[in-house]
2 protein chains.
Amino acid sequence: MGQTLLDEIDLLILRQLMQDSTLSHKEIGRAVHMTGQAVGARIRRLRELGVITGYSIGWDPEKLGLNVHALITVFLNSGSAHQTFLQFVASEEEIEEAYRVSGEGCYWMRVRTESPERLNALLDRLVKYGNYKLSLAIGQVK
Amino acid sequence: MGQTLLDEIDLLILRQLMQDSTLSHKEIGRAVHMTGQAVGARIRRLRELGVITGYSIGWDPEKLGLNVHALITVFLNSGSAHQTFLQFVASEEEIEEAYRVSGEGCYWMRVRTESPERLNALLDRLVKYGNYKLSLAIGQVK
DNA sequence: GTGATTTCCTTTCCGAATGAAAATAGATAC
DNA sequence: GTATCTATTTTCATTCGGAAAGGAAATCAC
């Protein structure tokens, strides 16, 4: 594929931005031996190519009161339409990630809620679409 | 807990930054009816409180050639030390997330590799620590 | 009620970063 | 050698971000 689209310098810039996107172009330039403007041009290109899809912040879920963290494997009912399930996923703010999977189950997702009661309520809404298997995350390793 | 630490305006600012951390303080200020400087002071406070933990970019894994996406449940050997497993996780760049779980298995993790061969090699290294169950992600829903 | 204190916001100001345009260097084809 | 194309540097105007000073509102002691 388009592997020649990105050179080593692009990858260096990306790695730096992944760690800290507030680095100035000039600071990044020091690491890759370029002026800030050249770095800026490359970053603009990475955005236009769709390699960089956006800028965001990292945040502490516990500081926001999200104390419950669960991993859920979803086994969709055979009659349940995937489309309506996708709408469900999109509408539930407590679902942080969700993937269609091949292997065990139909979907896998990770959720955070502020309390066991909220998790319980979410599972009640989820069970309309199918069965599930749940594990609680008791620590983030990475 | 410290729920009174964050007011509605702080949450609004956080939500905006989660969507796009390149918004200027002034732009955010328009949404919350404050000057850019006031927004900047609140953001600084959110950083000092540890609510905001960092700034990063979103990126397209396929544009970087990471075509294989897998979800792995790890069942650690009873003799295997957790400490050495954590070092393993930290050293493997292809592991993007990992959590200690209570429920099915000991750890859960999500990995991306550029090829099935690389996934195979990663699993070879993983199997020293225990057993695993693997699902392939075939689409990101959220 | 008065005054002091604290907190938070606005105003003002300056250094630094960003983004655009023009000039320059390096590589390639012919 | 000449033309051409791409990527970088240089230069410049605009904007942003952070610090300091001043002011409004809430709290508290008395």
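Up top is the structure these notes are about.
Conventions used here
Residues numbered from 1 in each chain as written. Chains lettered and ligands numbered in written order. Predicted model: local features only at pLDDT ≥ 70, side-chain atom pairs only at ≥ 80, totals over all residues. Heavy atoms only, no water. 1 Å grid on protein atoms, 1.4 Å probe; cavity = no way out; pocket = protein on both sides within 12 Å on 5 of 7 lines; lining within 4 Å. Points joined across faces, edges and corners; volume = space filled by probe spheres on them. Helix = DSSP H or I, 4+ residues; strand = E, 2+ residues; numbered from the N terminus. Nonpolar A, V, L, I, M, F, W, Y, C, P; charged D, E, K, R; others polar. Near = heavy atom within 4 Å. Polar contact = N/O pair within 3.5 Å; in protein donor to acceptor, adjacent residues only side chain to side chain. Axes fitted to C-alpha atoms, helices over the stretch in contact; angles between N-to-C directions. Parallel < 35°, antiparallel > 145°, perpendicular 65-115°, else oblique. Left-handed = near helix turned anticlockwise from the far one by under 90°. Contact = heavy atoms within 4.5 Å.

## Thoughts on empty space enclosed by the protein
If you walk through the whole model with that rule in mind, you get 1 cavity of 30 Å³ or more. Estimated volume of the largest cavity: approximately 230 Å³. Along the walls of the largest cavity sit 17 residues, with Thr73(A), Trp108(A), Thr73(B), Glu104(B) and Trp108(B) positioned nearest its centre. Contributions of two or more residues to the lining of the largest cavity are made by strand 2 (68-76) and strand 5 (130-140) of chain A together with strand 2 (68-76) and strand 5 (130-140) of chain B. Looking at the lining of the largest cavity residue by residue, the classes come out as 9 nonpolar, 4 polar and 4 charged.

## Description of the protein's contact with DNA strand D
The full set of residues close to DNA strand D is Met34(A), Thr35(A), Gln37(A), Ala38(A), Arg42(A), Ser24(B), His25(B), Gln37(B) and Arg44(B). If you look at DNA strand D and keep only atoms within 4 Å of the protein, 61% of those are sugar or phosphate atoms. One nitrogen or oxygen atom from the side chain of Thr35(A) is found 2.9 Å from a phosphate oxygen belonging to DNA strand D. At a separation of 2.7 Å, a phosphate oxygen of DNA strand D approaches a polar side-chain atom of Arg42(A). A total of 3 residues in the surface near DNA strand D trace back to one element, the largest contributor, which is helix 3 (residues 36-49) of chain A.

## Overview of the packing of helix 1 (residues 8-19) of chain A against helix 2 (residues 25-32) of chain A
Helix packing geometry: the angle between the two helix axes and the distance between the axes. All names here are of chain A. Running from N to C, helix 1 and helix 2 cross one another at 130°; their axes reach a closest spacing of 10 Å. Looking at the two axes, helix 1 sits oblique to helix 2. Helix 1 and helix 2 meet at a crossing whose hand is right-handed. Note on element contacts: helix 2 touches helix 1 through Ile28, Ala31 and Val32, opposite Ile9, Leu12, Ile13, Gln16 and Leu17. Across the contact of helix 1 with helix 2, the residue classes tally to 7 nonpolar, 1 polar and no charged.

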